[in-house]
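Remarks on the overall topology
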Amino acid sequence: MNWNFFTRVLPRLLTQSSGWNQYKESQAKDVSGKVNQAKAEQFAKDYIEWNFIAICDELKVFEMARDWAKKSEFEKLTIADNIIRRFVERLRSANMGRGGQEGEPANATPPKIHVARSATGFMSVTSDGVVNVNPDVPEYKNDLVTFLKHLRHEAAHIIDMFFPELSPLDADIRMRAILFYMHPKENMGLYKTNPMEINANIRQDQFEDILRAKIALCEYARVQRLVGDARARGVLRGH
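Note that this is a predicted model, so its numbers are computed, not measured.

Things to note about the overall build of the chain
Looking only at helices and strands, one finds 10 helices and three strands in the chain. Going residue by residue from the N terminus, the α and β elements of the chain occur as α-α-α-α-β-β-β-α-α-α-α-α-α. Taking all 239 residues of the chain together, 46% fall into the buried category. Contacts in the chain between residues far apart in sequence, at least 24 positions, make up 70% of those at least 6 positions apart. For the chain, the accessible surface area stands at approximately 12700 Å², while carbon and sulfur atoms represent 52% of it.

Pasting the structure below:
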């Protein structure tokens, strides 16, 4: 099976068929909510979160929280692109030598995945591997936590879309979730219960808590360094 044809070309051909919308909705309903919750939670905790946090530590992203709102659009998009590129590198490494899920080829080559600016919406991933980020969204401009939380959401989509061997979703469910994906304007209910969306949203509240804790620790360390420097200069005296 040509996986690129299945995920990118076939959906475009099907949309030209009569009765497509009705069939798409029926299939979206059929896979709605079908996620192995325990498996997905474990994967989110042990793989997505661990790698995402490690990358942010490597890039010293948490130290940027204090002046995040002052950073330029270019800086924010560059940070997002660096995180995504490193995340994909880790996915490629983990994917090496692994067989595909049933009905899928092993190690199908994903497209070049990168971040691009979007003038509308929030964040999204296209079938061509573009992670769209709209830096004008107020929460993205002013709050690093929200920015990273949403980027982690898209990172989960990258796994489901381009690294099926690593995805916690069952092969058939995952393929149909992609093929019959309902956008919010089409059907908000089916959008929210699409297995890909459920998978991407799992442990998001816990992830936010982790991000805030990491930022707080960075700020504490910064203040301690300032105090230490001041004492070294004789500005402050400690007992």
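There is more to say after this.
Quick word on the packing of aromatic side chains
Inspection of every chain in the model, using the stated rule, returns nine aromatic pairs. One aromatic cluster is present, built from ring pairs that chain together Trp68, Phe122, Tyr140 and Phe147. For the cation-ring pair, Arg152 lies above Phe207, with the distance from its terminal atom to the ring centre recorded as 5.6 Å.

Some details on the sheet that holds strand E2 (residues 123–125)
Sheet architecture is open: three strands sit in the order E1-E3-E2, paired in mixed fashion. Sheet topology places strand E1 (114–117) and E2 at the edges, where each strand pairs with a single neighbour. Sheet twist, expressed as the mean angle between neighbouring strand axes with direction ignored, is 25°. Where helix H4 (residues 73–95) meets the sheet, it contacts E1 and strand E3 (130–133), and its direction lies at approximately 155° from that of E1.

Considering unusual backbone geometry
Its identity as a non-glycine residue notwithstanding, Lys60 has a phi of 55°, on the positive side. Counting through the fold element by element, Lys60 comes out in the loop between helix H3 (37–58) and H4. You will see that Arg203, though not glycine, has its phi angle at about 65°, which is positive. Relative to the elements of secondary structure, Arg203 occurs in the loop between helix H9 (195–201) and helix H10 (204–232).

Digging into the pattern of salt bridges
Inspection of every chain in the model, using the stated rule, returns 18 salt bridges. When the shortest N-O distance is used, the salt bridge between Lys214 and Asp57 registers 3.0 Å. With Lys214 in helix H10 and Asp57 in helix H3, this pair connects stretches of sequence that are 157 residues apart. Here Lys214 falls in the partly exposed class, since its relative accessible area comes to 22%.

Overview of the nonpolar core
By size, the foremost hydrophobic cluster in this structure holds 54 residues, and its most contacted members are Phe52, Ile83, Val131, Leu148 and Ile158. Those elements that place two or more of their residues in this core are H3, H4, E2, E3, helix H6 (144–162), helix H7 (171–179), H9 and H10. In terms of residue count, H6 provides more of this core than any other element does, 11 residues in total. Each residue touching Leu148, except ones within four places of it in the same chain, is listed here: Phe52, Cys56, Val61, Phe62, Ile83, Phe207 and Leu211.

Section: the packing of H3 against H6
Where H3 meets H6, the closest approach of the two axes is 11 Å, and the angle between their N-to-C directions is 125°. The angle between the axes of H3 and H6 places the two elements in the oblique class. The two elements H3 and H6 meet at a crossing, and its hand is right-handed. Along the contact surface, H3 presents Phe43, Ala44, Tyr47, Ile48, Glu49, Phe52 and Cys56, while H6 presents Leu148, Leu151, Arg152, Ala155, Ala156 and Ile159. Tallied by class, residues from the contact of H3 with H6 come to 11 nonpolar, no polar and two charged.

Examining H6
Between its first and last C-alpha atoms H6 spans 26 Å; for 19 residues at 1.5 Å apiece the expected length is 27 Å, and the two agree. Across the 19 residues that make up H6, a large majority, 18, are buried. Two to three positions downstream of the cap, the backbone nitrogen of Val145 sits 3.3 Å from a side-chain oxygen, assigning the N-cap of H6 to Asp143.

Here we look at the side chain of Thr146
With respect to the secondary-structure elements, Thr146 resides in helix H6. Take Thr146: its relative accessible area is 18%, and that puts it in the buried class. Reaching out from Thr146, the side chain makes a polar contact with the side chain of Asp143 at a distance of 2.6 Å. The residues contacting Thr146, other than those within four sequence positions of it, are Glu139 and Tyr140.

Rules and cut-offs
Residues numbered from 1 in each chain as written. Predicted model: local features only at pLDDT ≥ 70, side-chain atom pairs only at ≥ 80, totals over all residues. Heavy atoms only, no water. Helix = DSSP H or I, 4+ residues; strand = E, 2+ residues; numbered from the N terminus. Buried < 20%, exposed > 50% of the residue type's maximum accessible area, 1.4 Å probe, protein only. Contact = heavy atoms within 4.5 Å. Areas by Shrake-Rupley, 256 points an atom, 1.4 Å probe, with all protein chains shown as cover. Phe/Tyr/Trp six-rings, centres within 6.5 Å; stacked < 30°, edge-to-face > 60°. Lys NZ or Arg CZ within 6 Å of the ring centre and 35° of its normal. Pairing = 2+ DSSP bridges. Axes fitted to C-alpha atoms, helices over the stretch in contact; angles between N-to-C directions. Salt bridge = Lys/Arg side-chain N within 4 Å of Asp/Glu carboxyl O. Core = buried A, V, L, I, M, F, W, Y, C linked by side-chain atoms within 4.5 Å. Parallel < 35°, antiparallel > 145°, perpendicular 65-115°, else oblique. Left-handed = near helix turned anticlockwise from the far one by under 90°. Nonpolar A, V, L, I, M, F, W, Y, C, P; charged D, E, K, R; others polar. Expected span 1.5 Å × (residues − 1). Polar contact = N/O pair within 3.5 Å; in protein donor to acceptor, adjacent residues only side chain to side chain.

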